[in-house]
Every structure is written in structure tokens, then in C-alpha cells.
Amino acid sequence: MSAVGGRQQAELAESAGWVGTALAHELLLRLAGRLPGTLLWRLREWLAAGGQSSVAAVLPRELLRRRVGLTDEERELLIGSAGAWGAKPRLLDAVLPLPAPEEAPVLFAPDPVLDAAALTALAIVKSHPGTLELHQARRGGQRVLVVFGGDAPWLLTGTLQRILRAHGDRTPCVEVLPNPDPPTAYHRAAVSGSAALWRSPRLATAAS
Amino acid sequence: MDDPIHELLLRLAGRLDDDLLADARELVAVGEDGHALELVTAALAADATPLPPPVRAELVNAAAAARIDLDADAALAPAAPDTTAHRFSATADADVPVVAAVRELPNRLREGVRLRLTWRQTPAGPAPTPLPQPVLLVETAADGRPGEVLAYQVGAAMARSGVHVAVEVLTSGRPLTSYHAAALRDSTPLSGDAPLRAASPPERVESVVAEVVQQVTESHRNAPPEDAHDERPVDLFAVDEPAPRPVPMRGWQSGRRRRGFGEQAAEAEVDDDLPEADEHEPLPSPVPLARRTRPRPVGEVVEQSDALLDPIPNEGTWTDEWASGDWALAEDAPPPGPGGLTAAGGSAPGPHGATAAPSPAAATRPCSSGAASCFEDGDYQHTAASACALRVLPGSGTISGKSHRSQSRSGHS
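Parameters and conventions
Residues numbered from 1 in each chain as written. Chains lettered and ligands numbered in written order. Predicted model: local features only at pLDDT ≥ 70, side-chain atom pairs only at ≥ 80, totals over all residues. Heavy atoms only, no water. pLDDT = per-residue confidence, 0-100. Helix = DSSP H or I, 4+ residues; strand = E, 2+ residues; numbered from the N terminus. Contact = heavy atoms within 4.5 Å. Phe/Tyr/Trp six-rings, centres within 6.5 Å; stacked < 30°, edge-to-face > 60°. Buried < 20%, exposed > 50% of the residue type's maximum accessible area, 1.4 Å probe, protein only. Pairing = 2+ DSSP bridges. Right-handed = clockwise from strand over helix to strand, strands pointing away. Polar contact = N/O pair within 3.5 Å; in protein donor to acceptor, adjacent residues only side chain to side chain. Salt bridge = Lys/Arg side-chain N within 4 Å of Asp/Glu carboxyl O. Nonpolar A, V, L, I, M, F, W, Y, C, P; charged D, E, K, R; others polar. Expected span 1.5 Å × (residues − 1). Core = buried A, V, L, I, M, F, W, Y, C linked by side-chain atoms within 4.5 Å. Axes fitted to C-alpha atoms, helices over the stretch in contact; angles between N-to-C directions. Left-handed = near helix turned anticlockwise from the far one by under 90°.

Student: Looking at this model, I keep getting lost on the confidence of the model for chain B. Mind explaining?
Tutor: Residues and elements named next belong to chain B. Per-residue confidence for chain B gives a mean pLDDT of 62; residues scoring 70 or more make up 46%. Per-element confidence in chain B ranges from a low mean pLDDT of 33 for helix H16 (residues 397–412) to a high of 97 for helix H3 (residues 33–46). Note on residues 193–234: pLDDT is under 50 here. Beyond four places in sequence and across chains, it has 111 contacts. For the stretch residues 239–305, pLDDT sits under 50, and the model shows 223 contacts to residues farther than four places along the chain or on other chains. Interface confidence in the predicted complex, given as ipTM, is 0.90; pTM for the same model is 0.67.

Written as C-alpha cells, this is what we have:
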């Protein structure tokens, strides 16, 4: 194999890896409110740390243990990520089918308070490439951060989770939405029930 | 005999975040060993946490036996020597709520165990919670409740009180990891608990403990005759002065002062049936280990308090005591009689630096034939069984009497 061919192969592999990671991030976004927060933050942490094999080993089994069903679209996300990383097809096939997205009612309350954790998160979000907005809400007493935009959103998610953990939040809830449209009813409720802590100047420029 | 997965989780303490360890112990307690191993292995693999070869091999074997989906051998980072040294302190500003929560523990959980509290100053895992992290050390007898069950129950009870504390259940007679040895050294006894129902005699201690006992015994065949009869049960919570750095095992350390956890409470209720041979002088300093590390003016009288028996301490007490410099009392206390807990040379350790240089007298005193000093003597290589081992206590009236009583009680239980 030539050097050029090897480089192309490496780029292809890297590209494929990122695609899988992006699919997994999207799937973990859609599972917000459906998997326990104690598990979800950990799966996102592993994804941010590059532990694809860990996600592939744990996520399908947790879906089965907890009888969490997936829509066809979500199942494609699972196969494109965990399936590509070595999850057993038998387990992937066993995940319950879901005819339509589950939309359990969740209540969020806006939280405009910029405490130390929020300030630290704000500094990180502002410095991360591609970010557009940062919102903060409370689901019960649980802080929920919602970020719009951001390159490599799984990495930003992991960083923000660690920040919140260091400030005492044992089950951090960080939703980094790479697209402007919230993917689920959970996120729509979170955004509508949140307080905006920051908006990128690019948004104002684009609006004008 | 504890669950082998529980033993493995003990060896992983300090390498994973405490929440995951608690979750894993809960799963083991309810029989979900495979699930526990799946989460633990996945977390270690994702974080690329290097493990000492024996621990890694043990985890790989356990994961394979549990048939988890993750190929542990391929996913885990390559084995590497242990380079992480956790630091602990015996006290912290948040002592009061933790002690209060311990006092609220159901009696059923406090029966037959001994408790110590320490505060870890170093992070564990890639996403740690705020520091210092409280760690509750629970010693249980070898025939006591399963460690994983006790860890789960105590942790859940503490969480119900609003206190998230890492619970490490250590079994008498079992080897200690360097993590737990360091935690024990800088810990405060919470001795408002019952004495252990039973302790493992040294001849029954397995693996590393027995091996180290034999090694030390052979290296000190010329032990003084007065120590020849000191074959005491292994006391897991008999800790010595703080020693932040492990040092190579040396015979001189075996004669140092040792003190079992909860001795003060045991002294207060010494039974008449204790053998005469155990009538040693009381401890020269009733100050808990942690407090002995604090500055204290020479000659000032110290009142020993039990955090679980006394009213909830005022946080200012520690500050005052620290400022008073009263920690030095032990150095001026009268030397104990033969076989007392204080080492030859009679000086209790000072603050942390005191461990660097042993007293000459102690250095010349070998340990007895039945007394092995390995707990803090520094052979901290993480072997398959553990990083270090326990000691067999040298002569101590308090501990001995307690042990006799414990054994007699265990005979009826």
C-alpha cells in the first residue's frame, strides 16, 4: 500500500469513526429522559473520552434491561454507532421496536442564575467553536444545560459534564444540540422552559 | 469470605469515581455481578485507566467469566505499575454532617463493625465530584455480613441522610490495598460501635498476610522473649502514624506503636474476664489518630471524645485544637509498660514528617515471632492479592482483651 493510499485509508477510518460518534451522540440525545440520568451521563462521558467499545458494549444491554424501545430512525443510529463498534447483532435485533417517539411530559423551569458552575460552563461554551447559545433550566432540582451548535458536540458535552460534576452535580444533564431544531419533545420542553445565559454575536449578525 | 468481585472492587478503589463503585457494589450485593463488571470494565476502558498487572488480569478473568460483551483484555489499557498515590486527611470542614449521618445509621448496620472517617484529597476517576471526598471505612469480621451488602446498605443509609460518602468495607484478616492503607492512616475513629464479633487468628489469614507474617517472622528470629507470646489477631484498623509515602518493609517498624480502632471504647468497658497478661497500661494518649497529627501545646490536657458518643462537635473545636498545638501531648505522655502500644522509645508520632525517621530504639527492636509489621511497612507492590498486607499486632492489653472477648462472644453467636 502506497503512502498516499495509507493516508486515505487513515482519513477514511477517522471519518468513519467520527460519523459513528456523531450518530451515537444523536442517539444519546434522543434517549434523554428515557434512560436514567446516572447512566446517560456516563455513556456520554465514555463517548467523549473515545470509549466507543464501552458504549457499544453497554448501551444495547441497558436498552434491553430497561425495556427502552427505539424508533426505526433511532435504531439506525444504534446500528450505525454501536453496531459498527462491535455490538452483537443479536442484541441490536432484540431492542424493542417503537412505532413513534416517546413523549413523556417533563416540566422545566428557567434558571437564570449564573453561579460558579454556570459561569464556568459559559466560559467553556463561548470558547468552543461553533456554539450559538447556552440555556439553563431546572427539572425539579436538577440543573439542565442546553447548548445550541458546537463542533464535535460530544466533546463539549463531556467537558461540561465534568465541570458540573466538579461543582457537585452528581448526574449532570448537558444537552448539546448540533442542529437548531430540538430533536425531541424533551428538548423542546427544555428550551422553552429555560433561560438564555448567552447568545453568540453571530446570531445577532445573522438576524440583522 | 467476601465475594471475589467485592474484593476486586476494593482493589479498584481510587481508580474509578466513587459513584460508579457504589453502583457496582450495589449490583454485586443483589447478585448482578456481570452487570457490575460490565460497567466497571467499560469505564476503565473508556478512560484508558492503567491497572497494575495482577489487578488487570483479575478484572479480565472476572469479565470473561461473567461473559460481558466487552472484550476486556483488548479494551483495557495496557498494564502499568501503580503510580497514583491518593492523599487523605483525617478531618475536614464537613465533618459535622457526616458524623451526624453516621450517628443516624440504623443499629443493625453498626453492630459488629468499626468505623473510621477520612477525607480523600485527590480525585478518583475522570469526572470526580468535589474534594475532599468523605470516605467511611468500615471494618467487619471475616464471618460478618458480606462486604458488598454492608457497603451498599451503609451507603444508601448515608445518602438518605443527604450525605454522599464513599463506603469501603474492609474485612478483618484480609490484605489491604495501598489506597485503603493510606486512608486508614489519616482517618478518625468513630468508635461508638460494637466490637467486632470475631477476628481472624493470624494462622488463618490467607495469601499476602500469611506470607508477610512468615517473612517478617523469619527475618526476626531473635525477637525478644517478652514478645514471643504476642500472637494477636490481625486488627485491620490498627493504624500507625501517617505515612504518606510507602517505604520498604523493615523490621524496626514492627515495634512501633499501634492502636486498634475503637480501643478507647473497649477500654472503658474492660471486662473482668480479661486475662492478667493483658493488664497493660492504658494508651498514653487517648487522642484519636487524626488529632495526634495536629499541633497542640506541650503539657495541655487532652480530652478524648468519641464523635459518635459525644454531642455533634462544633466545627470550631478542631480549629481551636489545631491552633492550640495540643497534638504534641502524646510525645510527653508517660511511656507505657512492657507490651504497651507505644513503640520502644515511647514517642508517638508527630505530624506527618515524623514517619521519615524512626526512633533509634524502635529501629533496633525487631518484631516478635508472631507479630508482623507489614501494613505500613511499605511493601506496597500491587500483587494479585493486594498492594500490601496487614500487620499482626504486637502486645496490647486493650486489643488483646478485646480480642479475647470477641472470640468468646463469637463462640456463642
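Additional details are given in the paragraphs that follow.
Student: When you look at unusual backbone geometry in this model, what are you seeing that I'm missing?
Tutor: As a rule of thumb, non-glycine residues mostly have phi less than zero, and peptide bonds are mostly trans rather than cis. Residue and element names in this part refer to chain B. Pro132 follows Leu131 through a cis peptide bond whose omega is 0°. Along the chain, Pro132 falls in the loop between strand E2 (113–120) and strand E3 (133–140). The phi torsion at Ala48 lies on the positive side, around 55°, for a residue other than glycine. Mapped onto the elements of the fold, Ala48 is located in the loop between H3 and helix H4 (53–66). With a phi angle near 55°, Arg67 is a residue other than glycine that sits in the positive phi range. Inspection of the secondary structure assignment puts Arg67 in the loop between H4 and helix H5 (72–75).

Student: Just checking my understanding: could you explain the packing of aromatic side chains for this structure?
Tutor: Centre-to-centre distance and the angle between the planes together describe a pair of aromatic rings. Residue and element names in this part refer to chain A. The tally for this structure, following the rule as stated, stands at three aromatic pairs over all chains. Consider the rings of Trp18 and Trp154, whose centres lie 5.3 Å apart with planes at 70°: the pair is edge-to-face. With a gap of 136 residues between them, Trp18 in helix H1 (residues 3–30) and Trp154 in helix H7 (residues 153–166) connect regions that are remote in the sequence. You can call Trp154 buried: its relative accessible area is 9%.

Student: Explanation requested: the pairing of strand E4 (residues 173–177) of chain A in the structure shown.
Tutor: Along any regular strand, the residues point their side chains to alternate faces of the sheet. All names here are of chain A. Counting buried residues in E4 gives five out of five residues, a clear majority hidden from the surface. Burial along E4 is two-sided: the face carrying Cys173, Glu175 and Leu177 and the face carrying Val174 and Val176 are both buried. One ladder, built from five bridges, connects strand E3 (residues 142–149) with E4; its direction is parallel. Along E4, the bridge assignment pairs Leu145 with Val174. A crossover connection joins E3 to the parallel E4 through H7; in handedness this β-α-β unit is right-handed.

Student: Before we go on, may I ask you to explain the side chain of Gln161 of chain A in this structure?
Tutor: Residues and elements named next belong to chain A. Mapped onto the secondary structure, Gln161 falls in helix H7. Judged by its relative accessible area of 0%, Gln161 is buried. There is a polar contact of 3.1 Å between the side chain of Gln161 and the backbone oxygen of Trp41. The residues contacting Gln161, other than those within four sequence positions of it, are Trp41, Arg44, Glu45, Pro172 and Val174.

Student: I tried to follow the interface of chain B and chain A on my own but got confused; where do I start?
Tutor: By convention, interface size is frequently given as the accessible area that disappears when the constituent parts associate. Contact with chain B, which involves 19 residues of that partner, is made by 21 residues of chain A. The interface formed by chain B and chain A contains eight salt bridges. In this structure, Arg42 of chain A and Asp17 of chain B form a salt bridge, with 2.8 Å as the shortest nitrogen-oxygen distance. Our count for the contact surface shared by chain B and chain A stands at 10 residue pairs in polar contact (both at pLDDT 80 or more). Those elements that place two or more of their residues in the side of chain B that touches chain A are helix H2 (18–29) and H3 of chain B. With seven residues, H3 of chain B is the largest single contributor of residues to the side of chain B that touches chain A. The class makeup of the residues in the side of chain B that touches chain A is 12 nonpolar, three polar and four charged.

Student: Would you take a moment to explain the confidence of the model for chain A for this structure?
Tutor: Atomic detail in the predicted coordinates should be set aside for any region of low pLDDT. Counting all residues, the mean pLDDT for chain A is 91, and 90% of those residues have values of 70 or more. Throughout residues 1–6 of chain A the model reports pLDDT below 50, and contacts reaching past four residues in sequence, or to other chains, amount to two contacts.

Student: How should I be thinking about helix H8 (residues 147–160) of chain B in this particular structure?
Tutor: Each α-helix turn comprises 3.6 residues. Residues three or four places apart therefore point the same way. Residues and elements named next belong to chain B. Compared with an ideal rise of 1.5 Å per residue, which puts 14 residues at 20 Å, H8 spans 20 Å between its outermost C-alpha atoms and is within 8% of the ideal. Buried within H8 we find Gly147, Glu148, Leu150, Ala151, Val154, Gly155, Ala157 and Met158. In the segment just after H8, Gly162 is the residue with positive phi, at about 85°.

Student: Got a minute to help me understand the environment of Pro189 of chain B in this structure?
Tutor: Residues and elements named next belong to chain B. Its place among the elements puts Pro189 in strand E5 (residues 188–190). Judged by relative accessible area, Pro189 falls into the buried class, the value being 12%. Each C-alpha atom, one on Pro189 and one on Leu137, is 9.3 Å from the other, the two residues being 52 residues apart in sequence.

Student: In this structure, what is going on with the nonpolar core? I would like to understand it.
Tutor: Across soluble globular proteins, nonpolar side chains show a tendency to be buried alongside one another. Counting residues in each nonpolar core, the largest one holds 79 residues, and the members touching the most others are Leu31, Leu35, Trp46, Leu59, Leu63 and Leu78 of chain A together with Leu12 of chain B. Top contributing element to this core by residue count: H3 of chain B, with nine residues. In this structure, Leu63 of chain A is in contact with Leu31, Leu35, Val68, Leu70, Leu78 and Val95 of chain A, ignoring residues within four places of it in sequence. Val99, Leu117, Leu150 and Met158 of chain B belong to the second-largest nonpolar core, a separate cluster that totals 23 residues.

Student: For this particular structure, what's the right way to read the packing of helix H1 (residues 4–11) of chain B against H4 of chain B?
Tutor: A pair of packed helices is characterised by two quantities: the angle between their axes and the separation of those axes. Residue and element names in this part refer to chain B. Contact geometry of H1 with H4 gives a least axis separation of 11 Å together with a crossing angle of 145°. Of the two possible hands of crossing, H1 and H4 adopt the one that is left-handed. Residue-level contacts link Pro4, Ile5, Leu8 and Arg11 of H1 to Val55, Glu58, Leu59 and Ala62 of H4. In the contact of H1 with H4, the residues fall into six nonpolar, no polar and two charged.

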